[in-house]
Amino acid sequence: MVGVLLGNLGGPAAAQGTDACPKPQPLAVAEAGLRVHTQVMVRALMCKTIEEDRAAGRPTGRLEAPTGDTGRQAMDARQSASMRAYAALTEHHRTRFSGWEKEIIAKRGLGRFDRWRTEAASDIARREGRMSYGIDAEAFCASARSQVDALMRMSDGEFVKAVTDAWCVINPQPAKR
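Residues numbered from 1 in each chain as written. Predicted model: local features only at pLDDT ≥ 70, side-chain atom pairs only at ≥ 80, totals over all residues. Heavy atoms only, no water.

Q: Explanation requested: the overall build of the protein chain in the structure shown.
A: Across its full length, the protein chain holds 8 helices and 0 strands. Listing the helices and strands of the protein chain from first to last along the sequence gives α-α-α-α-α-α-α-α. In the protein chain, the proportion of contacts linking residues at least 24 apart, taken out of those at least 6 apart, comes to 84%. For the protein chain, the exposed area adds up to about 10400 Å²; of that, 54% sits on carbon and sulfur atoms. (Helix = DSSP H or I, 4+ residues; strand = E, 2+ residues; numbered from the N terminus. Contact = heavy atoms within 4.5 Å. Areas by Shrake-Rupley, 256 points an atom, 1.4 Å probe, with all protein chains shown as cover.)

Set out below in structure tokens:
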């Protein structure tokens, strides 16, 4: 969703006009926004591994499926640039993320929210893994960093509008006859 969000800030959703997509329900926007946040987290974790490899002098190469124990020594998350960027984004939009979480919990309950959040993270991790397989690791992380930078430059209102526009691209409405 991050790619759709950033790729379409001035693209299809904006070009279609305001009538092209009816305003999504607040719950849909909350879920979409938290999926963006989760996708940034997954990418940060993937890039943390690449940063660990680089710091240990191992080649970063291309992203591949794990083949067992790699013997990595865990890097402190505070030392990982990608995890610091994720933490900064979380803090920058803290009020919005927290509000979205409260909104979903109020509508669905804490248990369903926790299950949804876990399922969303698992789904995003699977998708990111498949989509990134064979991609140059350094290029992947450079792209992830630029996306976080773009999200950090957004005000709260711009962020909500971008998430809403991305929701409209992902959930196209049938043409009116």
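Anyway, onward from the coordinates.
Q: Help me understand the state of the cysteines in this model?
A: Should the sulfur atoms of two cysteines be covalently bonded, the bond is a disulfide. In the structure shown here, the tally under the stated rule is 1 disulfide. Each disulfide pairs two cysteine sulfurs, and for C47 the partner residue is C141, the sulfurs being separated by 2.2 Å. Taking the sign of the torsion about the S-S bond as the criterion, the disulfide between C47 and C141, at about -110 degrees, is left-handed. Here the residue C47 occupies a position in helix α3 (residues 26-55), and C141 occupies one in helix α7 (residues 137-153), the gap between them amounting to 94 residues. By the burial criterion, C47 is buried, and C141 matches it. (Disulfide = S-S within 2.5 Å. Buried < 20%, exposed > 50% of the residue type's maximum accessible area, 1.4 Å probe, protein only.)

Q: Which parts of the structure should I look at to understand the nonpolar core?
A: As a rule of thumb, soluble globular proteins bury nonpolar side chains together. Counting residues in hydrophobic clusters, the biggest one holds 27 residues, and the most contacted among them are L34, W100, I104, L151, F159 and V163. Mapped onto this core, the elements with two or more residues apiece are α3, α4 (81-92), α5 (94-108), α6 (110-132), α7 and α8 (156-170). Of the residues forming this core, the biggest block, 9 residues, is contributed by α3. The residues touching I104, leaving out its near neighbours within four places in the chain, are L27, A30, E31, L34, G109, F113 and W116. Within the second largest apolar cluster, 9 residues are counted, among which are M46, I50, C141 and A144. (Core = buried A, V, L, I, M, F, W, Y, C linked by side-chain atoms within 4.5 Å.)

Q: I tried to follow the environment of H93 on my own but got confused; where do I start?
A: Locating H93 in the fold gives a position in the loop between α4 and α5. H93 sits 58 residues away from L151 along the chain, and the two C-alpha atoms are 9.2 Å apart.

Q: What is the right way to read the confidence of the model for the protein chain from this model?
A: Note: predicted coordinates in regions of low pLDDT should not be interpreted at a detailed level. Averaged over every residue, the pLDDT of the protein chain is 80; the share at 70 or more is 75%. Per-element confidence in the protein chain is highest for α5, whose mean pLDDT is 96, and lowest for helix α2 (residues 12-16), whose mean pLDDT is 43. Confidence drops under pLDDT 50 across residues 69-73; counting only partners more than four residues distant or on other chains, this segment forms 5 contacts. (pLDDT = per-residue confidence, 0-100.)

Q: Which parts of the structure should I look at to understand the packing of aromatic side chains?
A: The description of an aromatic ring pair uses the distance of the two centres, along with the angle that the planes make with each other. Scanning the entire structure with this criterion turns up 4 aromatic pairs. The interplanar angle of 85 degrees and the centroid separation of 5.8 Å between the aromatic rings of F97 and F159 together place this pair among those described as edge-to-face. Pair noted here: F97 is in helix α5 and F159 is in helix α8, with a separation of 62 residues, a long-range link. For the pair F97 and F159, a shared accessibility class is recorded, and that class is buried. Three or more aromatic residues link up through ring pairs in this structure, and these residues are F97, W100 and F159. (Phe/Tyr/Trp six-rings, centres within 6.5 Å; stacked < 30°, edge-to-face > 60°.)

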